[in-house]
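# What the coordinates show
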Amino acid sequence: MSFTETPLSLRSLGRSWSAWRSLGWLTVVGVAAGWLAACNSRVPLSPAPPPPKPSTSVPAPWPEPGQPPEQLSGPARNWQEYRTRAALRMVAANPKTTYTGEVPEPLLAIPVIEIELHADGSIAKLHVMRHPSQAKDTTQLAMDAIRRSAPFGDVSRLPKPWKFAEVFLFDEDRKFKPRTLDQ
C-alpha cells in the first residue's frame, strides 16, 4: 500500500488534527509536570543522624579568683568567644545562684545588662538595657553576679568598643543562666 492509497484523506486528517494537536500539548505538559515533580522530590541516601545534644556541663570552677580553667586560657579570638568565656566565668563564680540545665517555662525575669570593660577586662561601667516588669530585684542580682565574676580577661586585642550585653534568664528560684550559654 502506498501513501496515496491510505484510507485517510488529507481533509479527514485535517479535521482530526486539531484534536490530536491539543491532546499532544496536554501530553507534553503532563510529562513536563511529572518530570519537574520528580526533580523536586529528593530521596535521602541515608537517614540523617540525630542532632547532637547540647552540653549542660560547665567546667570546674576556677581554683583561685582570677584564674581561668585551662581550656579557657589565652586571649579570646573574637567577641563571641569572649562572651562565652565571660558567661562561663559568671556561672563558675556564682555556683549557688546559677543553673545550667534547660531553661524553664515560664521564666521569672529577663534582665539585660551591658558590660563596659577596661583593657584588662575589669568593669568600667554596667548599664541596664532592660528591666524586667516583675521581680525587679533580679536586675541587682545580675549586676552583683557580674561584679563577683570580674575581671573577665584582657580585651585589648579585640575591636573597640570594649563592651557586650548579657541576657540573664532567671527561674522561679531566682537562679540565673546567661543566655550566651544557651545559644
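The structure contained in this document is the topic of the report that follows. Computed from a predicted model, the values in this text were never measured in an experiment.

## Thoughts on the overall build of the chain
Within the chain, the secondary structure is distributed over three helices and four strands. Overall, the chain shows an N-to-C arrangement of helices and strands of α-α-β-β-α-β-β. Split into buried and exposed, the 183 residues of the chain put 29% on the buried side. Counting only carbon and sulfur atoms, one obtains 59% of the accessible surface of the chain, whose full area is about 12,800 Å².

## Things to note about helix H3 (residues 137-149)
For an α-helix, the turn length of 3.6 residues means that residues three or four places apart are oriented alike. Between its terminal C-alpha atoms H3 stretches 19 Å, which fits the 18 Å expected from 13 residues at 1.5 Å a residue. Thr138, Thr139, Ala142, Met143, Ala145, Ile146 and Ser149 are the residues of H3 that are buried. Looking straight down H3, one finds its buried side chains confined to an arc of 160 degrees; they lie on one side.

## Structural notes on unusual backbone geometry
Looking along the chain, the bond that leaves Glu105 and enters Pro106 is cis, with omega of -10 degrees. Relative to the assigned elements, Pro106 resides in the loop between helix H2 (79-93) and strand S1 (112-117). Residue Lys160 is joined to Pro161 through a cis peptide bond whose omega torsion reads 0 degrees. Turning to its location among the elements, Pro161 is positioned in the loop between H3 and strand S3 (163-170). The residue Ala135 is not glycine, and still its phi comes out positive at about 50 degrees. Along the polypeptide, Ala135 turns up in the loop between strand S2 (123-130) and H3. Here the phi dihedral of Arg174 falls at roughly 65 degrees; this positive angle occurs in a residue that is not glycine. In this fold, Arg174 is placed in the loop between S3 and strand S4 (176-178). Classification of Arg174 as partly exposed rests on a relative accessible area of 33%.

What counts, and at which threshold
- Residues numbered from 1 in each chain as written.
- Predicted model: local features only at pLDDT ≥ 70, side-chain atom pairs only at ≥ 80, totals over all residues.
- Heavy atoms only, no water.
- Helix = DSSP H or I, 4+ residues; strand = E, 2+ residues; numbered from the N terminus.
- Buried < 20%, exposed > 50% of the residue type's maximum accessible area, 1.4 Å probe, protein only.
- Areas by Shrake-Rupley, 256 points an atom, 1.4 Å probe, with all protein chains shown as cover.
- Expected span 1.5 Å × (residues − 1).
- Arc of directions from axis to C-beta.

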